[in-house]
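Reading the structure
Read off the chains here:
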Amino acid sequence: MVTDVFGKLTRSVRTPRRGVACEPDKEVDFPVSENVEAKTDVVLVGAGIMSATLGALLRQLQPEWTITAFERLDAAAAESSDPWNNAGTGHSALCELNYTPGKPDGSVDITKAISVNEQFQVSRQFWAYAVDNGILSDPKNFINPIPHVSFVHGADNVKYLRARYDALAGHPLFAGMEYSESPEWFTERLPLMAQGRDFSDPVALNWTETGTDVDFGALTKQLINNVSASGGTVFFGHEVVNLSKQSDGSWKVKVRNRRSGVTRIVHAKFVFVGAGGGALHLLQKSGIAEAKGFGGFPVSGAFLRCTNPDVIAQHSAKVYGKAAVGAPPMSVPHLDTRVIGGKQGLLFGPYAGWSPKFLKEGGILDLPKSIRPNNLMSMLGVGVTELGLVKYLVGELTQSPADRIVTLGEFAPEARLEDWELIVAGQRVQVIRRKGMGGVLEFGTAVVNAADGTIAGLLGASPGASTAVPAMLDVLERCFPKQWAGWQPKLKEMVPSLGVKLSENPSLFDQVWKWSTESLQLDTASEPVPAAPAEVATV
């Protein structure tokens, strides 16, 4: 016996008011007997930024399709999309130096920076459309203007940053970037970082006033609420434990209620695995050929979070430095102003670590359970070629609280241990891809989909959340080729630059920039209240 999820299951899930954070129900389960199987058009695995974005896009493109989301935890955005688990820079390559590597001749390669910025502009356009059309409510709930700054010290690094500025400043996507080596300019704009600094060691800054801080937790909750309010169904405390392909091309999705232990079956025409670090396991269980050879390398992390409101008030910028030798790209150190719940906070880090878990709320067997005959050589190959990364992680793991303050001192020389607390960040699982007889470790994101387009998943990390919209548009184009052409008018309404490189069309960039700035209220800065953050897990 099969019942329709849209018609029968929505009664068990409270529909949140638009713009109000999704919260768990006291008890959520299928309102049918244990032997009854359900069906839906789309299953979203996980309630993070990727699933929420894909769900919101599909509600606009195919409002008649039934959508069912399953989240293993008791709230949306509780893993990597949570604001305290995510750097929240709104990655647009304005300040992240890992996107602009130096060349042997002293010049700087800006190819990756342009690509990342282009992707962020796509996300920004969809968010503006979503605000204009009631999908998202108060934009200051999730996005706020914050300067993005690149910081270096030492003569060689100053020379590099000047070359970076020269390469980017004339580009339309980076217009308005400033450069200075002046200690006075530094002190005026970054007073916390200037206190106690020895300016005999030369410093330089790239400063972009038009950067943003994005609370991806708040954004995710608003998008998930829209999916629910527009007819979708969201189950918290429900974990997808298996996926199997059926003879008719659909997927049999086995779901377990983590409270009661009861399992149910849902049949779906399309499945998106947006389960963060948990995506690899489910894609492996699906048996699709495209997932073979992939492995995962988990990297954990932590931040120092400021607890002194007086210190927080002295810094209002996202300041990124250069990564340590051997550090993975997502470990670029930064002193980072955050705006969460209308209150200003301050983070420094990340301090990398290692855990075999694939999720912050995962298990210690996640890594060994991911090893398969088809990815064993890939993973062993990475173990041999990434010894520098292993050495770096070991060094990070052995740091004492005093050592961490010394690292912070490069940014804030007078930082005091009593003003900061260590918090656990989200878990990142970097992609290991098969290459020849071995494998290669990739620091990015990868869409993996079956050839027939019935299932897709997202692997990897940075730049991650900031590129959620282009990533999910990629999923739609790959998995729904028959509908893609017919969706174009609506897609271009949501993302006017779709299919166009803004870097090659400055006039269009100016138009969409002005529109999105106004719609997202980025031209009217609010005044966040500096405050010690709410209590979360600390170590």
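These notes cover the structure that comes with them. (Residues numbered from 1 in each chain as written. Predicted model: local features only at pLDDT ≥ 70, side-chain atom pairs only at ≥ 80, totals over all residues. Heavy atoms only, no water.)

Here we come to the overall build of the protein chain. When helices and strands are tallied, the protein chain shows 16 helices and 22 strands. Burial statistics for the protein chain: of 539 residues in total, 58% are counted as buried. Entry remark: accessible area of the protein chain is about 21,300 Å², with carbon and sulfur atoms responsible for 53%. (Helix = DSSP H or I, 4+ residues; strand = E, 2+ residues; numbered from the N terminus. Buried < 20%, exposed > 50% of the residue type's maximum accessible area, 1.4 Å probe, protein only. Areas by Shrake-Rupley, 256 points an atom, 1.4 Å probe, with all protein chains shown as cover.)

Moving on: the packing of helix 2 (residues 49-61) against helix 15 (residues 481-494). When two helices pack together, their arrangement is given by the angle between their axes and by how far apart the axes lie. Their axes nearest at 10 Å, the elements helix 2 and helix 15 cross at an angle of 125°. Viewed along their axes, helix 2 and helix 15 adopt a mutual orientation that is oblique. Crossing handedness for the pair helix 2 and helix 15: right-handed. Here Leu57, Leu58, Gln60 and Leu61 of helix 2 come into contact with helix 15, specifically with Trp487, Lys490, Leu491 and Met494. Taken together, the residues of the contact of helix 2 with helix 15 sort by class into six nonpolar, one polar and one charged. (Axes fitted to C-alpha atoms, helices over the stretch in contact; angles between N-to-C directions. Parallel < 35°, antiparallel > 145°, perpendicular 65-115°, else oblique. Left-handed = near helix turned anticlockwise from the far one by under 90°. Contact = heavy atoms within 4.5 Å. Nonpolar A, V, L, I, M, F, W, Y, C, P; charged D, E, K, R; others polar.)

Our focus in this paragraph is the side chain of Ser92. Residue placement: Ser92 occurs in the loop between strand 3 (67-71) and helix 3 (111-132). Here Ser92 is in contact with Ala113, Val116, Asn117, Phe120, His148 and Phe174, once residues within four sequence places are set aside.

Before going further, it helps to examine the nonpolar core. In terms of nonpolar packing, the biggest core is built from 59 residues, with Phe126, Trp127, Phe272 and Leu476 touching the most fellow members. The residues contacting Trp127, other than those within four sequence positions of it, are Phe120, Leu136, Phe142, Ile143, Val214, Phe216, Leu219, Val469 and Leu520. (Core = buried A, V, L, I, M, F, W, Y, C linked by side-chain atoms within 4.5 Å.)

Below, the discussion takes up the pattern of salt bridges. If you walk through the whole model with that rule in mind, you get 16 salt bridges. In this structure, Arg305 and Glu421 form a salt bridge, with 2.6 Å as the shortest nitrogen-oxygen distance. Placement of the pair is Arg305 in strand 13 (residues 295-306) and Glu421 in strand 17 (residues 420-424), with a sequence separation of 116 residues. Classification of Glu421 by relative accessible area gives partly exposed; the value is 24%. A salt bridge links Glu418 to Arg416; the shortest N-O distance between them is 3.6 Å. The exposed category is assigned to Glu418, whose relative accessible area is 56%. Among the residues examined, Arg416 registers a relative accessible area of 42% and is labelled partly exposed. (Salt bridge = Lys/Arg side-chain N within 4 Å of Asp/Glu carboxyl O.)

The next subject is helix 2. For helix 2, which comprises 13 residues, the first-to-last C-alpha distance of 18 Å matches the rise-based estimate of 18 Å (1.5 Å per residue) to within 8%. Burial analysis of helix 2 places twelve of its 13 residues in the buried class, the great majority of the element. Among the residues making up helix 2, those that are buried are Ile49, Met50, Ser51, Ala52, Thr53, Leu54, Gly55, Ala56, Leu57, Leu58, Arg59 and Leu61. (Expected span 1.5 Å × (residues − 1).)

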